[in-house]
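# Architecture and fold: a report
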Amino acid sequence: MASPTERMAWPDAARGVSILGVMLLHSTMVVPSGVETSIETANRIFGTLRMPLFFMVAGFFAVKVYRFNLLELFTKRLWFLLVPYVFWMPIEVFLARLKFHLNYGFEFPEPKFYWLTMRNAENLYWFLWSLILFTIVLWVTKFLPKVVSYAIPIVVIALTPYLILHLHPWLMAREIMVLPRILTYLPPFLFGAYARPYIAWFAERALTKKELMVSAALVVVARVLHLWQLQDHTRPVKDVFASLVLLPMAITISVAIAKVPLVGSAITLLGRHTLVAYLGHPIALSVVFGILLQDGLHTTVSPEAWIAFCFVVSLLSPVAMHGLTKVPMLRWTIFPPKLARDARTSDVKKLGNA
């Protein structure tokens, strides 16, 4: 088992795999006819696990918020999610609109559009908005009896059909379409937090024969769920269950990847820089593919080739975004300065100087 000071490799590998899947998805989406290629099949297969895996790992590490009071919750956690979201979201949305303006003549929206897009999380940085909300939910559960806290994801899943059927149309009429994402990704996030000891235990044994058999059996269960035909408003329940039962195999794959020389190191390195990867790749795709290469949208080059090009651009984007952190005036927009000094760190320094 990893020591308290030793960084676990598999969560970084899991986040690295997740962002690679997101980059592939967005590369497919920006290329004309990209969703009609065979690559889209891989996106659909991985879609069941791409973001649930990310949010499970986020929840796995979010349990530290239990130690925070309300002020610390904001200064030590929410602040570091809010600043990148508020600063970079309008830039990403503007560049995406500029791409459509240059290529298709779309008009630019009014300023109110950017506020509504930010408020409603209708942008490619919605995961930051979701992490803020999910972290608040997790923090609130520390005031509840454990049995009530553990029941929350079960209640969310159970109420999903009703909420999709009745609440979702009401929210959509008000241009608020984030409810399906909340219902889909809050349970994996809470699962990562509540089951942290068991997840860590499983990860330590993930490559043993017994645990491999369990993971494989759960993959079969997920496949059966996938084939199960349900009505539209009940399908999200099936998708959430499929995501949850696939998580042991996702952990197993992440553990295995982390042990692979070179490739594993590269993916875990990417996973350690998830924020710059998530922030950077949509902007890079808009600038490089949508704005600088406008004519390239209409060439005879195959969609598969353009998707491969966009994927490479996405892979390079974290390097460029990380370079911005070296610029003093821009670093705080990605890694905001701390609002409050950690009292425990301060006490340690005082003891060291005594």
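Check the entry above for the structure.
What you are looking at is a predicted structure, and each value in this text was computed from that prediction instead of being measured.

Of regular secondary structure, the chain possesses 16 helices and zero strands. Summarising its shape, the C-alpha atoms of the chain cover approximately 60 × 55 × 50 Å along the three principal directions. Looking at the chain residue by residue over its 354 residues, the buried ones come to 45%. At a minimum sequence separation of 6, the contacts of the chain that also span at least 24 residues come to 81%. Within the structure as shown, the chain displays about 18700 Å² of accessible surface, and the carbon and sulfur contribution to it stands at 69%.

Turning our eyes to something else, we now look at unusual backbone geometry. Phi at serine 33 takes a positive value of approximately 70 degrees, unusual for a residue other than glycine. Tracing the sequence through the fold places serine 33 in the loop between α1 (9-30) and α2 (39-47). Positive phi is not limited to glycine here, since leucine 262 has a value of about 65 degrees. The exposure class of leucine 262 is exposed, given its relative accessible area of 73%.

The next point concerns a nonpolar patch on the surface. A cluster of nonpolar side chains, contributed by Phe74, Leu82, Val86 and Leu339, occupies part of the molecular surface with about 300 Å² of accessible area. Checked against the element boundaries, leucine 82 lands in helix α4 (residues 70-104).

The next subject is the environment of methionine 56. Residue position: methionine 56 is located in helix α3 (residues 50-62). According to the relative accessible area criterion, methionine 56 is buried, its value standing at 0%. The spacing of methionine 56 and proline 180 is 124 residues in sequence and 17 Å in space, taken between C-alpha atoms. When sequence neighbours within four positions are dropped, the list of residues in contact with methionine 56 reads Trp10, Pro188, Phe189, Phe191, Gly192, Ile199, Leu247 and Ile251.

This part takes up the pattern of salt bridges. Under the defined criterion, the tally for this structure stands at two salt bridges. Close ionic contact of arginine 15 with aspartate 12 constitutes a salt bridge, the shortest N to O distance being 2.8 Å. Of the two residues, arginine 15 and aspartate 12 are both situated in helix α1; the distance of three residues between them amounts to about one turn of the helix. In this structure, the salt-bridge partner of glutamate 72 is lysine 76, at a minimum N-O distance of 3.7 Å. With glutamate 72 and lysine 76 both in helix α4 and four residues apart, this pair spans about one turn of that helix.

Right, let's talk about α1 for a bit. Given a rise of 1.5 Å per residue, 22 residues ought to cover 32 Å, and the 32 Å separating the end C-alpha atoms of α1 matches this to within 8%. The element α1 is extensively covered by neighbouring structure, given that 17 of its 22 residues are classed as buried.

In terms of nonpolar packing, the biggest core is built from 54 residues, with Met51, Phe55, Tyr125, Phe127, Leu131, Leu138 and Phe189 touching the most fellow members. When residues of this core are traced back to their parent elements, those giving at least two are α1, α3, α4, α5 (111-119), α6 (126-140), α7 (146-173), α8 (179-194) and α13 (274-292). Ignoring sequence-local partners within four residues, the contact set of phenylalanine 127 consists of Met51, Phe54, Phe55 and Tyr278. Of all hydrophobic cores here, the second largest spans 21 residues; its members include Leu49, Ala206, Leu247 and Ala250.

Each value, and the rule that gives it
Residues numbered from 1 in each chain as written. Predicted model: local features only at pLDDT ≥ 70, side-chain atom pairs only at ≥ 80, totals over all residues. Heavy atoms only, no water. Helix = DSSP H or I, 4+ residues; strand = E, 2+ residues; numbered from the N terminus. Buried < 20%, exposed > 50% of the residue type's maximum accessible area, 1.4 Å probe, protein only. Contact = heavy atoms within 4.5 Å. Areas by Shrake-Rupley, 256 points an atom, 1.4 Å probe, with all protein chains shown as cover. Patch = residues over 30% accessible without salt bridge, like charges linked within 9 Å, V, L, I, M, F, W, Y side chains within 5 Å. Salt bridge = Lys/Arg side-chain N within 4 Å of Asp/Glu carboxyl O. Expected span 1.5 Å × (residues − 1). Core = buried A, V, L, I, M, F, W, Y, C linked by side-chain atoms within 4.5 Å.

It is worth stressing that arrangement in space is one thing and function is another; only the former is reported here.
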